[in-house]
Amino acid sequence: MRLAGKRALLTASGAGIGRATALAFAREGAAVVCTDIDAGALASLKEEMPAGAEVDAFVLDARDLASVKVGVERAGDIDILFNCAGWVHHGTILETTEEEWDFSFDLNVKSMWRTLTCALPGMIARGGGSVVNMSSAASSLVGAPNRALYGATKAAVIGLTKAVATDHVAQGIRCNCICPGTVESPSLENRITAQGEAVGGYDAARAAFVARQPMGRIATADEIANLALYLASDESAFTTGHAHVIDGGWSNV
Ligand code: NAD
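Now for a look at the structure at hand. Quick caveat: nothing in here was measured; it's all calculated off a predicted structure. (Residues numbered from 1 in each chain as written. Predicted model: local features only at pLDDT ≥ 70, side-chain atom pairs only at ≥ 80, totals over all residues. Heavy atoms only, no water.)

## So, the site of the ligand
Turning to step 1, where the next piece is worked out: Around the ligand sit 29 residues in total, of which Ile 17, Asp 36, Tyr 150, Val 183 and Ser 187 are the nearest.
Turning to step 2, where the next piece is worked out: In this structure, an oxygen atom belonging to the ligand sits 3.4 Å away from a main-chain N or O atom of Ala 15.
Turning to step 3, where the next piece is worked out: Between Val 183 and the ligand, the recorded distance is 2.8 Å, taken from a backbone N or O atom to an oxygen atom.
Turning to step 4, where the next piece is worked out: For the ligand, the protein covers 90% of the area, taking 840 Å² as the surface of the free molecule.
Turning to step 5, where the next piece is worked out: Sorting the residues of the shell around the ligand by element identifies α1 (16-27), α5 (148-168) and α6 (186-199) as the ones contributing at least two each. (Near = heavy atom within 4 Å. Polar contact = N/O pair within 3.5 Å; in protein donor to acceptor, adjacent residues only side chain to side chain. Areas by Shrake-Rupley, 256 points an atom, 1.4 Å probe, with all protein chains shown as cover. Helix = DSSP H or I, 4+ residues; strand = E, 2+ residues; numbered from the N terminus.)

## Considerations on α5
Turning to step 1, where the next piece is worked out: The first and last C-alpha atoms of α5 sit 31 Å apart over 21 residues, in line with the 30 Å expected at 1.5 Å per residue.
Turning to step 2, where the next piece is worked out: If you check which residues of α5 are buried, you get Leu 149, Tyr 150, Gly 151, Thr 153, Lys 154, Val 157, Ile 158, Thr 161, Val 164 and Ala 165.
Turning to step 3, where the next piece is worked out: Packing partners of the buried residues in α5 comprise α4 (98-125), β5 (129-134), β6 (173-180) and β7 (243-246). (Expected span 1.5 Å × (residues − 1). Buried < 20%, exposed > 50% of the residue type's maximum accessible area, 1.4 Å probe, protein only. Contact = heavy atoms within 4.5 Å.)

## Considerations on the pattern of salt bridges
Turning to step 1, where the next piece is worked out: Enumeration according to the criterion identifies 11 salt bridges in this entry.
Turning to step 2, where the next piece is worked out: The salt bridge involving Arg 206 is made with Glu 189; its shortest N-O contact spans 2.7 Å. Pair noted here: Arg 206 is in helix α7 (residues 202-211) and Glu 189 is in helix α6, with a separation of 17 residues, a long-range link.
Turning to step 3, where the next piece is worked out: Exposure remark for Glu 189: the relative accessible area of 29% places this residue in the partly exposed category. (Salt bridge = Lys/Arg side-chain N within 4 Å of Asp/Glu carboxyl O.)

## Details of the environment of Phe 25
Turning to step 1, where the next piece is worked out: With respect to the helices and strands, Phe 25 occurs in helix α1.
Turning to step 2, where the next piece is worked out: Remark: the alpha-carbon pair of Phe 25 and Ala 225, spanning 200 residues in sequence, is separated by 8.4 Å.
Turning to step 3, where the next piece is worked out: Those residues within four positions of Phe 25 in sequence are excluded, and the remaining contacts are Leu 3, Ala 8, Leu 10, Ala 30, Val 32, Ile 80, Phe 82, Ala 228, Leu 229 and Ala 232.

## Thoughts on helix α3 (residues 65-75)
Turning to step 1, where the next piece is worked out: Within the sequence span of α3, burial applies to Ser 67, Val 68, Gly 71, Val 72 and Ala 75. Angularly, the buried residues of α3 cover 125° about the axis, an arc narrow enough to put them on a single face. Facing away from the buried surface of α3 by more than 90 degrees, the exposed residues are Val 70 and Glu 73.
Turning to step 2, where the next piece is worked out: On the buried face of α3, the contacting elements are β1 (7-10), β2 (31-36), β3 (55-59) and α4.
Turning to step 3, where the next piece is worked out: The opening residue of α3 is Asp 64, an N-cap whose side-chain oxygen sits 3.1 Å from the backbone nitrogen of Ala 66.
Turning to step 4, where the next piece is worked out: In the stretch just after α3, Gly 76 is the one whose phi turns positive, near 80°. (Arc of directions from axis to C-beta.)

## Brief notes about the packing of aromatic side chains
Turning to step 1, where the next piece is worked out: Enumeration according to the criterion identifies three aromatic pairs in this entry.
Turning to step 2, where the next piece is worked out: Ring centres of Trp 87 and Phe 103 lie 5.7 Å apart, and the angle between their planes is 75°; this geometry places the pair in the edge-to-face category. Taken together, the residues span a long stretch of sequence, with Trp 87 in the loop between β4 (80-83) and α4 and Phe 103 in helix α4 at a distance of 16 residues.
Turning to step 3, where the next piece is worked out: Of the residues examined, Phe 103 reaches a relative accessible area of 29% and is grouped as partly exposed.
Turning to step 4, where the next piece is worked out: With centroids separated by 5.7 Å and ring planes inclined at 10°, the aromatic side chains of Trp 101 and Phe 105 adopt a geometry described as stacked. Here Trp 101 pairs with Phe 105, and both are found in helix α4, just four residues apart, close to one helical turn.
Turning to step 5, where the next piece is worked out: Classification of Trp 101 by relative accessible area gives partly exposed; the value is 29%.
Turning to step 6, where the next piece is worked out: By relative accessible area, which is 26% here, Phe 105 ends up partly exposed. (Phe/Tyr/Trp six-rings, centres within 6.5 Å; stacked < 30°, edge-to-face > 60°.)

Quick look at the structure:
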């Protein structure tokens, strides 16, 4: 049990990587506080939890400071904060609007300011903890096509991660981020369906996503959850301030 005795708060844990990570944390003995804006997804996640797991699940909107404040208070004495909330804007810089910039930075980056400012003081007072932020290979690592705005937000997450790690290393806080390539998730399904309309169907759009993967396949959410588990656990006790790439070799070519 790699997280026995630890308590974790996760944002956006109703679906995709966040959900897989909540399940992985619980399987490894953590008490998990699962949050999302989708109450139905949280209810089904609770049902999927391993028997005997300590689970709290409630609606928390990562874009709303009041909601985050209440949620962090309810979460209690957490050792692990997994900032997973984020969304993918599709398009070049010329296909972005000011509203989309504001929304994307609010959800993908400023949400982390909300959770960190609410949760970090308690973690510091208790002697430390591990923060895991969700970035992406499409960031400062890869100039992915049609990810101008998304890549800018995820590059900002890497910068924020490094700054938090530096400022709080002496207080026992570790802060790392995860940079996945393309991962099977409900949002990926939506993106493939939407892009299918432009490129001649769902299968063609899926094939285009797979074609850019050196391994010839897309990652599973469980593969990303395993990295989150490592970074959350004491197994990674000497690791902080880094962008951990898990992309099937995408950024290596
Ligand atoms: P997803 O997009 O399929 O699900 C996201 C979850 O976030 C949903 O349950 C949704 O209800 C919740 N959510 C939306 N707005 C929220 C808000 N304001 N507050 C709280 N929760 C909210 O999940 P995913 O594709 O696994 O993505 C999760 C994270 O991983 C995101 O930050 C994403 O950018 C990042 N990521 C995903 C991929 C990928 O290919 N799927 C690759 C790299 C990085």
